[in-house]
Amino acid sequence: MERGVTEWYETMDDFLIGRNWLKLQCGTCQEIYYAKSQQMSEKCGWRKCASAGPHPFMSFPARKRTLSPWGIADHFNNFFRARGYVRVDAKNVADSRAADLIIAGVQILDEYIHGSLPPPKEPILIIQPSVRMKFCGKASATEGISTSFINICTEQVGLAFEEHLAAIDRWFSALSKLGIHMKHVVLRRRDTEKNWGTGSFGAVELFFLYGGLEIGDAAFGLIPLVSGDTAPVSDIGFGLERMAWALNRTDSYFDLISPLSIEMEIQVLDAFRTLALLAFFGVDAAYKKAGLQFRRLCKIVGDSYRKFNAHTLLSQSFDYWERFMTPSRTREEALRSIFLELDRPLAERVQEKLQGPRPSDNETLEEYISKLVYKYSLSVKAVKEALKR
């Protein structure tokens, strides 16, 4: 462990202990963590150390009022802007130098780290739609994960480590005012070696575990810049949907971010939400980068969308994402993009059965069927039979 990280840990200990946090050691992984009470937990709460069963937050007293995800986002927006943070617009989810898709709010600094833009002078707040395809197809196996989510972040460049701790202290206050009280939070520390495409660097992180659920983390490191210099960066981010689940304690993570009137497999629901996000912000099916991920999600949906009102689900998803940033295309254009890819396998099966002309890439299923009937004079009965599985 490099000398800088050791000194950061010592400073972190003084900061947290001075605010009545206890420094403890996990009985399972032996790693250091912090809690307000030793009786609260004998384990750090990390995934591999947690006991089997529901998250402990599910047993916390029920709230009198349900908090919406956008209401929670408004709380953080008002809190941090009142303390001098500058709210910046979210990036298009498909606009990233370092990855195919935006995976976290810290990527707002890409043009500074990888390019020639000057660093932001003020601490910034960003409420960033994000996609992590490593969770693709896994939402039904682990409650509390999704391929798309809102990352609420504060970012600051060129600061001392003590200023990073002061930012963490502000997050303590913001979370407590919202109802996520520190007596229910465990802070699990970790030092890691990272590389954001400009060289490796050491970082220290604090992971926030609320009643056993990881809701966010605070990281600090000296980031190598493409210019050859290094810059200290404070990156603190929380998952909006996880906080909404933890605060409202609904049975499922997805209960407040999807239509309750539609029943379907969780992984299909998750795929639809992310398809709506990608299509709404300009992504179409392709064989590389973001377009390839679009195709992966469509394969998860398969033809299950024909069993329920997919337009209702997509409309609700469009409503959700539009609360956080301005889309780059109309809903009609986004719907067409999605259904062109979802309908493509069925159109190809119809073509194979009828030995008709191949459907074009920009032709919906209904447009292809109309072409078969009206232009090529195939019988309606034959087309209906070909549409059957």
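What you see as residue numbers is a count from 1 along each chain, following the sequence as written. Per-residue local features of the predicted model are confined to residues with pLDDT of at least 70, and side-chain atom pairs are confined, for both listing and counting, to 80 or more; whole-chain, interface and lining totals are unaffected and use all residues. Hydrogens and water molecules were not included; the side-chain quantities draw on all heavy atoms of the structure.

### Some details on the overall build of the chain
Helix numbering and strand numbering both begin at the N terminus, where a helix is a DSSP run of H or I of at least 4 residues and a strand a DSSP run of E of at least 2. On a plain count of helices and strands, the chain comes out with 11 helices and nine strands. The principal-axis extents of the C-alpha atoms in the chain amount to approximately 80 × 50 × 40 Å. Here the chain holds 389 residues, and 52% of them are scored as buried. Sequence-distant contacts, at least 24 apart, represent 64% of the contacts inside the chain between residues at least 6 apart. Here the Shrake-Rupley method, with its probe set to 1.4 Å, supplies the accessible areas, and only the displayed protein chains count as covering residues. A total accessible area of about 18,600 Å² is found for the chain, and carbon and sulfur atoms account for 48% of it. The buried label goes to any residue with under 20% of its type's maximum accessible area, the exposed label to any with over 50%, and the partly exposed label to all in between, with areas taken from a 1.4 Å probe on protein chains only. Contact between two residues is taken to exist if any of their heavy atoms lie within 4.5 Å; hydrogens are not considered.

### A closer look at the sheet that holds strand E9 (residues 230-239)
For two strands to count as paired, DSSP must find a minimum of two bridges between them. What the nine strands build is an open sheet, ordered E1-E2-E6-E7-E8-E9-E5-E4-E3; its pairing is mixed. Either end of the sheet is taken by a strand with one partner, and the two such strands are strand E1 (22-25) and strand E3 (86-87). To obtain each axis, a line is fitted to C-alpha atoms, and for helices this fit is confined to the stretch in contact; angles are then taken between N-to-C directions over 0 to 180 degrees. Running at roughly 155 degrees to strand E4 (residues 124-131), helix H2 (residues 69-81) makes contact with E3, E4 and strand E5 (148-157) of the sheet.

### Describing the packing of helix H8 (residues 310-322) against helix H9 (residues 331-354)
For the pair H8 and H9, the least separation of the axes is 11 Å and the interaxial angle reads 130 degrees. Looking at the two axes, H8 sits oblique to H9. The interaxial crossing formed by H8 with H9 has right-handed handedness. Between H8 and H9, the residues in contact are Ala310, His311, Leu314, Ser315, Phe318, Asp319 and Glu322 and Arg331, Ala334, Leu335, Ile338 and Phe339, respectively. Angles are sorted into four bins: roughly parallel if under 35 degrees, roughly antiparallel if over 145, roughly perpendicular if 65 to 115, and oblique for all others. Left-handed describes a crossing in which the near helix is turned anticlockwise from the far one by less than a right angle; the clockwise case is right-handed.

### Quick notes on the side chain of His114
Along the chain, His114 turns up in the loop between helix H3 (110-113) and E4. His114 gets classed as buried once you look at its relative accessible area, which sits at 15%. Polar contacts here mean pairs of N or O atoms no more than 3.5 Å apart (in protein, one a potential hydrogen donor and the other a potential acceptor; neighbouring residues in sequence count only if both atoms are side-chain atoms). A polar contact of 3.0 Å, which involves the side chain of His114, links it to the backbone oxygen of Trp196.

### Observations concerning the confidence of the model for the chain
Confidence scores labelled pLDDT are given residue by residue by the predictor and lie between 0 and 100. Across the chain, pLDDT averages 91, with 97% of residues at or above 70. For the chain, per-element mean pLDDT is lowest for H3, which scores 89, and highest for H2, which scores 98.

### Description of the state of the cysteines
Disulfides are defined in this document as cysteine sulfur pairs within 2.5 Å. The tally for this structure, following the rule as stated, stands at zero disulfides. Here Cys44 stays unpaired: no disulfide links it, and the sulfur of Cys49, its closest cysteine neighbor, is 3.8 Å away. Classification of Cys44 by relative accessible area gives buried; the value is 1%. Residue Cys49 stays outside any disulfide, its sulfur separated by 3.7 Å from that of Cys29, the closest cysteine.

### Focus: the nonpolar core
The biggest cluster of nonpolar side chains holds 97 residues, and the ones touching the most others in it are Phe76, Ile152, Phe208 and Phe272. Sort the elements by how many residues they give to this core and helix H6 (residues 266-280) lands first, with 10 residues. Nine residue types can take part in a nonpolar core, namely buried Ala, Val, Leu, Ile, Met, Phe, Trp, Tyr and Cys, and a core is a set of them joined through side-chain atoms within 4.5 Å. Listed in part, the 13 residues of the second largest apolar core include Ile124, Ala203, Leu225 and Ala231.

### Comments concerning the pairing of E1
Inspection of the sheet shows E1 paired to strand E2 (residues 32-35) by four bridges, in the antiparallel sense. Directly across from Gln25, in E2, lies its bridge partner Ile32. Here E1 hands over to E2 after six residues, with Gln30 in that stretch at a positive phi of 70 degrees.

### Points about the environment of Ala141
Topologically, Ala141 is positioned in the loop between E4 and E5. For Ala141, a relative accessible area of 67% translates into the label exposed. Between the alpha carbons of Ala141 and Val88 there is a distance of 35 Å; along the sequence they are 53 residues apart.

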